[in-house]
Amino acid sequence: MRTDTIAILYPADRETKVRNGKHPGKVLCLNGSKESFDIRGSKFFQGEMRSWSDAKEMFVIISTVAAEGQALFCRSHLAHSGHYLRRIKDPKGKCPPGIKRAKLHTLPLDLDSWPNVAGHDPRRDPAAAQAWMLSVLGSEVADVEVVWQWSSSCCWTVPVGQAPRTLDARVWMLLDEALGETGANEMMKRFDLRVRAFYESEHGIRMPKMGNGQVKKLVDPKISDAIQPIYVAAPRLEDGAEDPMAGVPRITLVPGSRGRVSLADLRRNLPSLYQACAAAAEAANAAGEPVARRMPRSRTKTVRIPTQPIPLGPAALEIDALRKLASTKEGAVKWMEGCHNVYQIRVALEQVALIIHRGGLTLGERDECCLRIASSLVAGMPLGRDVAWVRAQVRTLLVLVAGDEWVRTEWEAQGSDASVVDNYVRASRGERGRSWHKDPRYTYGKARLLDEYQPTREEVKGLRLRSLCTDAMRISVEREIEREEAEAAVQAPRDRISYEFEARRRAPEVHRLRAANLSYRAIAEAMREDLSKVMRLAKLSADQVAEVVEMLAEEAAFAEANEGKGGAIADIPADEAEGMVMAVLDRGIVDPIEVVDVTGLPESTVTGILEFLGYLEDERLAA
């Protein structure tokens, strides 16, 4: 069962650190004015976490919180277990941020000021208004069980019995795959494109531009931000104002035949942000208006791939050479001129290695992860290279985590890397970003990457991560590896003897041929061995060769003793089986039956080894 856990915040007093009872919602006055909750004035909160697994549980929790009228939601998790927190970081460092990004199945859609072209009145027939708005959102949502919330502004200052000019609501739905902050923001923008296209094509209504030049959003994507408050409390009435939705429940459960929305269907059917951007660019070009350089990011479905070793591409092979080059004075100058960034290249490679180690990507993660990998890799590349070379380097890594088909048909065909490559070209031309005049290539901070991937200690140790982990964890893992290697070196004498025996196994044959006056080269050709190895074996003393002959005789005697006993060792090599038996004997277990139970070897195998080692004295057992 896929359960979502979401943060609930209660406004709290800064001094006493207890709930102050402030109403986190809008205030409606008799004169027609409305005031929003002062979220900036209430910076401190008490946090709780609530969980739901279906729309019915979500409806119960949202209704309960709304009835209390003292809390708000955030599409995020609590960052720490402390009961007293802030939504954002305290600039003085006295109170850490209490909110962190999270991947959730819950997707709330803020339907803001929809023109009521159908003439529905939510107070007289709320079900008809809900069904119509869901049909505009699309068939992917129309038959899904959702939680419906009429906003505080809905029907405000509209006389009873008259349909409002606009409709305001919020739809809470569950997806079959989790989405992070960026993925949810992109999905809301694509819903907005669909709704605006409906009004423009069906009714000829174009949304006006606001003061900042942006077109008014019918589906507000701001609600996807981790720290954005989501109000569910009913409005507070003052100065004798009456509730415009009196007698109609603001929060209801809309039944449906399905419990969750298919994210794959949404990605396949919703309008593309790139198509909308291209159409806007053509219209602006025709009107002689400036066109924005950057295009929005693309989000499409995910392709899973099996775990496989990561081949190091040309960008990875440059790392060691760049380190050596930067160690010299002349090399350091070239390093700075080339703008190499080993950290960013290593971050890109370690992201790919970690994703492959975890078995691939989920449906809501692929596009965002691929953008992070591409941005990190491009930020570490030398400037002035050909654009085709840059795209080829990026493609080498993305194919490993997303598959060749997706990279070819969607990433490259839709120009998903347009902003990444465009920033690289700008940096190569010597341009600087608008803010702080920095390199225009976008990079992800280490804290953001750690928050997204959250690598475990076992992953840091197994994959030898250096950049995609905290410094404390990296140093701790390096010391642990050093201790393990030191302990292994102390316990290696017996392994050393076995190694020397295997290396010197052919020494008697070399000395025999050397005694026959054959040259080293002739011996190497006759034995099909390297000339250097033959020369080393020939330098062994007579005593060393005698030890090898004795060990070969013992090995032959052991094989002869176990011949005809039902196969002393069927699937395990003789030296490995002998090691298993001797390990059991070192623990004080000498009874053959117990040795068989502990090692799992055949009884004939254990009996043969014990006879050879001289531990078997019971003639009855030997028989």
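Residues numbered from 1 in each chain as written. Predicted model: local features only at pLDDT ≥ 70, side-chain atom pairs only at ≥ 80, totals over all residues. Heavy atoms only, no water.

Caption draft 1: Just the overall build of the protein, in detail. Per the secondary structure count, the protein includes 25 helices and 14 strands. Counting all 623 residues of the protein, 43% fall into the buried class. Nonlocal contacts in the protein, meaning residues at least 24 apart in sequence, comprise 74% of its contacts between residues at least 6 apart. As presented, the protein carries roughly 32400 Å² of accessible surface, and 51% of it is formed by carbon and sulfur atoms. (Helix = DSSP H or I, 4+ residues; strand = E, 2+ residues; numbered from the N terminus. Buried < 20%, exposed > 50% of the residue type's maximum accessible area, 1.4 Å probe, protein only. Contact = heavy atoms within 4.5 Å. Areas by Shrake-Rupley, 256 points an atom, 1.4 Å probe, with all protein chains shown as cover.)

Caption draft 2: The pattern of salt bridges, seen in detail. For the coordinates displayed, the defined rule picks out 32 salt bridges. Among the salt bridges present, the one from Glu368 reaches Arg448, with a minimum N-O distance of 3.6 Å. With Glu368 in helix α10 (residues 366–379) and Arg448 in helix α14 (residues 446–453), this residue pair connects regions lying 80 residues apart in the sequence. Pair check on accessibility: Glu368 and Arg448 agree, each one buried. (Salt bridge = Lys/Arg side-chain N within 4 Å of Asp/Glu carboxyl O.)

Caption draft 3: Structural detail: helix α19 (residues 520–527). Those residues of α19 not exposed but buried are Ile523, Ala524 and Met527. Summarising the axial view, the buried residues of α19 lie within an arc of 100°, below the 170-degree limit, and thus occupy one face. Exposed positions of α19 whose direction lies more than 90 degrees from the buried face are Arg521, Glu525 and Ala526. In this structure, the buried side of α19 is in contact with α18 (507–515) and α20 (531–538). Arg528, located one to two residues past α19, shows a positive phi value of around 55°. (Arc of directions from axis to C-beta.)

Caption draft 4: Layout of the sheet that holds strand β9 (residues 104–115). Taking strand neighbours across the sheet as the criterion, the 5 strands line up as β12-β9-β11-β10-β14 in an open arrangement whose pairing is antiparallel. Only two strands of the sheet have a single neighbouring strand rather than two, namely β12 (219–220) and β14 (251–254). Relative to β14, helix α1 (residues 55–68) is tilted by about 175°, and along the sheet it contacts β9, β10 (146–150), β11 (166–179) and β14. (Pairing = 2+ DSSP bridges. Axes fitted to C-alpha atoms, helices over the stretch in contact; angles between N-to-C directions.)

Caption draft 5: Just the packing of aromatic side chains, in detail. Tallying each qualifying case throughout the model produces 8 aromatic pairs. For the ring pair Trp52 and Phe73, a centre distance of 6.3 Å and an interplane angle of 50° mean the geometry is tilted. Of this pair, Trp52 sits in strand β4 (residues 44–52) while Phe73 sits in strand β5 (residues 72–74), placing them 21 residues apart in sequence. The pair formed by Trp52 and Phe73 is uniform in burial state, with each residue classed as buried. Both rings, one in Phe198 and one in Tyr199, keep their centres 5.2 Å apart while their planes meet at 70°; by these two values the pair is edge-to-face. Since its relative accessible area comes to 0%, Tyr199 is described here as buried. Through pairs of rings, three or more aromatic residues link up here, namely Trp114, Trp132, Phe198 and Tyr199. The cationic tip of Arg385 hangs over the ring face of Trp389; the distance from NZ or CZ to the ring centre is 4.4 Å. A cation over a ring is seen here: Arg514 above Tyr520, with NZ or CZ 4.1 Å from the ring centre. (Phe/Tyr/Trp six-rings, centres within 6.5 Å; stacked < 30°, edge-to-face > 60°. Lys NZ or Arg CZ within 6 Å of the ring centre and 35° of its normal.)

Caption draft 6: A look at the nonpolar core. In terms of nonpolar packing, the biggest core is built from 60 residues, with Phe73, Leu109 and Trp114 touching the most fellow members. Among the elements that take part in this core, β11 stands out by supplying 8 residues, more than any other. In this structure, Leu349, Val352, Leu354 and Leu371 belong to the second largest nonpolar core, which totals 38 residues. (Core = buried A, V, L, I, M, F, W, Y, C linked by side-chain atoms within 4.5 Å.)

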